[in-house]
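The lines below spell out each chain.
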Amino acid sequence: MAFNRQQVLDHVTMADSWININDSLGSIKIRELITPLIESITEEGEVSYIIGQDERYRSSTLATVLDALADVNLLPRNAIYQMQDHLYSLRNKFVPHNPDIDDVVEPYKEDQHAWGRDEAPSVWTTSKAIIALMTTRFVDRDNIGTNKPIRNSLRSSVYWLATQAYPDGGWGYQKFTPSKACHSSVPMTSLAMKAIILAQNNKSLFNEEVRSSERFHSLSNALSKGAEYLLSQKTEDENSVYWSYNGQPGVAITMWVIEALDLLSQIPAYHHLRQQYLELLPKAINYVYTKLPDADTLGEYKQSELFFKATNQDGGLKYKPTLNQDKYFYTFKPYIVSSLLDRDEDPFHPKIVAMVRWLLSNRDTRWAISEYNSSAPCSISSAMAINVIVKWLTKISMKSFSSSVTALISDTNNTGCQYGLPCDNRSSSSDVIANIKPFLLPGVITLVLSFVSVLIFPENQSYLVALWIISALALALFINLPVSQKFLKYVHDKQKDLMWEIYVVIVMSVLTFLGTMLNTIVQKVVLLFG
């Protein structure tokens, strides 16, 4: 089965069906943002590190892109399956496109269960692969969950990852004590723990029989020591807490720790950590917000954060004791917005708005990471940026009936433009609600009077008055129900040229019928018991 690029792009078009916003660079269409990335994916589901280059097809790159795009439902099922299958195959075999650039690294016997034949077996690559396969539910597929060899191989990789921890409880890039660069670090510990937790929680991978084994309990021991290591590395004061790499505080690193502690403390055996996590969470979020740029400092923002460094002075790496050049790993800091939104942070927080503004204003560069290659778009950062944009748009769509959205997206005064966000002068479904709400109070008052008249003078048959006022109250309730608001938004988005009064009349017609039934029931009850 070949990777179907057109199917992916058609799938993404559905995400654009509810997006109708623009900014100074033009319309914002997810299909346009994602097309260069999708077109660079091979028929086998491989993803190159640099978009458009036929080289450096890495397991970690594929895993990151798969995880980021599937997280916001931008990949159809067949595409996910194809990318999962290829990612899994890279554990045992790698065929380079360009042998002059891409080496095949044969793992040592103790590393046979790791990912990394395409870049060197490591905690980093194996963690990323396991995380992507778990978050996209690889093991839950019908032909995978019942495949014993695949389950066994995946479990062996998880067990291998647990054995890579050092005595202090932390993980490094590789378990290689001669190299200072490979010693325990907060970033690698957070990622390894996240991978182990996601795998351990999967009951298709670790069934009841396996859970009683000694090897399974070794995972719990590794996680306990890992949590102790992370908690020992924090820097905390009254209002904030953060974690560092090589003495440099990091916002992305801090969020990685929070993710790992969150997942761990949800496991019954680690519930004793939940309260500590809940106390650290607001402090960590506060620290992240203090380090993110606002509208005034956005131009000075550095979008990358170092989380791994190896030099010959540090002792090289396990599979390359002598490096041709220093090795640096950077993460794409704007991606932490995705984690913030997953924790129900306000999408209209000024710092989140600033980050979205930065992503949108830099979309013509495809979010290249300057430390790697400022002129070449990176697959990883592109996928992460698209994830944040889509997740943010999804979050604000859920709040589209609030005044905040009206101000930022759809108002005629273009309030949103001052934040660098998309502006659209078309009246929104929020305007529909605003125009109807003045009728609600009179409707409720008249409804009460109508019921009183029916109760006191049932023979007067005050039918028409009660009918319309009951309909008015029903309309008020209808408008304020979330499901009804989504319906009005759907009608508004699909029928952009209709005046709001037209579909309000349609709704009134339906509710009139319901009001008639309700009024009849009221009268019959009064007559029955009167």
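See the structure above.
Cut-offs used in this document
Residues numbered from 1 in each chain as written. Predicted model: local features only at pLDDT ≥ 70, side-chain atom pairs only at ≥ 80, totals over all residues. Heavy atoms only, no water. Helix = DSSP H or I, 4+ residues; strand = E, 2+ residues; numbered from the N terminus. Buried < 20%, exposed > 50% of the residue type's maximum accessible area, 1.4 Å probe, protein only. Contact = heavy atoms within 4.5 Å. Phe/Tyr/Trp six-rings, centres within 6.5 Å; stacked < 30°, edge-to-face > 60°. Expected span 1.5 Å × (residues − 1). Lys, Arg positive; Asp, Glu negative; His and termini not counted. Salt bridge = Lys/Arg side-chain N within 4 Å of Asp/Glu carboxyl O. 1 Å grid on protein atoms, 1.4 Å probe; cavity = no way out; pocket = protein on both sides within 12 Å on 5 of 7 lines; lining within 4 Å. Points joined across faces, edges and corners; volume = space filled by probe spheres on them. Nonpolar A, V, L, I, M, F, W, Y, C, P; charged D, E, K, R; others polar. Polar contact = N/O pair within 3.5 Å; in protein donor to acceptor, adjacent residues only side chain to side chain. Axes fitted to C-alpha atoms, helices over the stretch in contact; angles between N-to-C directions. Parallel < 35°, antiparallel > 145°, perpendicular 65-115°, else oblique. Left-handed = near helix turned anticlockwise from the far one by under 90°. Pairing = 2+ DSSP bridges.

Caption draft 1: A look at the overall build of the protein. Within the protein, the secondary structure is distributed over 22 helices and 7 strands. Counting the 530 residues in the protein, one finds 55% classified as buried. Of the contacts formed within the protein by residues at least 6 apart in sequence, a portion of 69% connects residues at least 24 apart.

Caption draft 2: Structural context of the packing of aromatic side chains. For the structure on display, the rule yields 15 aromatic pairs. Judged by centre distance (5.6 Å) and plane angle (75 degrees), the rings of Tyr173 and Phe329 are edge-to-face. With a gap of 156 residues between them, Tyr173 in the loop between α7 (148-163) and α8 (186-201) and Phe329 in strand β7 (residues 327-332) connect regions that are remote in the sequence. The pair formed by Tyr173 and Phe329 is uniform in burial state, with each residue classed as buried. Clustering of aromatic rings is evident, with ring pairs tying together Trp124, Tyr173, Trp256, Phe307, Phe308 and Phe329.

Caption draft 3: Region of the structure containing helix α14 (residues 350-361). With 12 residues, α14 should cover 16 Å at 1.5 Å per step; its first-to-last C-alpha distance of 16 Å lies within 8% of that length. Counting buried residues along α14, 9 of its 12 residues qualify, which places the element largely inside the surrounding structure.

Caption draft 4: Quick look at the side chain of Asp314. Inspection of the secondary structure puts Asp314 in the loop between β6 (304-310) and β7. No salt bridge forms around the buried Asp314; measuring N to O, its nearest opposite-charge neighbour Lys180 is 5.0 Å away. Apart from residues no more than four positions distant in its own chain, Asp314 is found in contact with Pro178, Ser179, Lys180, Ala181 and Lys309.

Caption draft 5: Up close: empty space enclosed by the protein. If you walk through the whole model with that rule in mind, you get 4 cavities of 30 Å³ or more. Of the voids in this model, the second largest cavity is the one considered here, and its volume is about 50 Å³. In this structure, the second largest cavity is lined by Leu231, Leu261, Leu264, Ser265, Leu273, Gln276, Tyr277 and Leu280. Going through the elements one at a time, α11 (251-265) and α12 (274-291) are the ones with two or more residues in the lining of the second largest cavity. Partitioning the lining of the second largest cavity into residue classes produces 6 nonpolar, 2 polar and no charged.

Caption draft 6: Looking closely at the side chain of Ser185. Residue position: Ser185 is located in the loop between α7 and α8. Owing to a relative accessible area of 8%, Ser185 belongs among the buried residues under this scheme. Within the local environment of Ser185, its side chain forms a polar contact with the backbone nitrogen of Met188, the two atoms lying 3.4 Å apart. Leave out the neighbours within four places in its chain, and Ser185 touches Trp171, Tyr229 and Tyr245.

Caption draft 7: Spatial organisation of the pattern of salt bridges. Counted under the stated rule, the structure contains 13 salt bridges. A salt bridge links Asp102 to Arg58, with the shortest nitrogen-to-oxygen separation between them at 3.1 Å. Here Asp102, found in the loop between α4 (77-89) and α5 (123-135), pairs with Arg58, found in the loop between α2 (30-39) and α3 (59-71); they are 44 residues apart in sequence, far enough to count as distant. Exposure remark for Arg58: the relative accessible area of 17% places this residue in the buried category. Across the pair Asp140 and Arg137 runs a salt bridge whose closest N-O atoms are separated by 3.2 Å. Because the salt bridges share partners, they merge into one network encompassing Asp71, Asp342 and Lys391.

Caption draft 8: Here's a closer look at the environment of Lys234. Considering the arrangement of structural elements, one finds Lys234 in the loop between α10 (214-232) and β3 (235-236). On a C-alpha basis, the gap between Lys234 and Leu280 in space is 9.9 Å, while along the polypeptide they are 46 residues apart. If near-sequence neighbours (up to four positions away) are discounted, Lys234 is found in contact with Val241, Tyr242, Trp243 and Leu280. At 3.3 Å, the side chain of Lys234 and the backbone oxygen of Leu231 are in polar contact.

Caption draft 9: Representation of the packing of α11 against α12 within the structure. Across the interface, α11 lies against α12 with an axial gap of 10 Å and an inter-helix angle of 160 degrees. Considering the angle they form, α11 stands roughly antiparallel to α12. In this structure, α11 crosses over α12, and the sense of that crossing is left-handed. Residues Val251, Thr254, Met255, Ile258, Leu261, Asp262 and Ser265 of α11 lie in contact with α12, whose contacting residues are Arg274, Tyr277, Leu280, Leu281, Ala284, Ile285, Tyr287, Val288 and Lys291. Tallied by class, residues from the contact of α11 with α12 come to 11 nonpolar, 2 polar and 3 charged.

Caption draft 10: Fine view of the sheet that holds strand β4 (residues 241-245). Here we have 3 strands laid out as an open sheet, ordered β3-β4-β5, and antiparallel in their pairing. Each end of this open sheet is capped by a strand with a single partner; those strands are β3 and β5 (248-250). Bridge analysis of β4 against β5 gives 3 bridges, and the strand direction is antiparallel. Within β5, the residue paired with Trp243 across the bridge is Gly250. Sitting on the sheet, α11 is in contact with β4 and β5, with an inclination near 110 degrees to β4.

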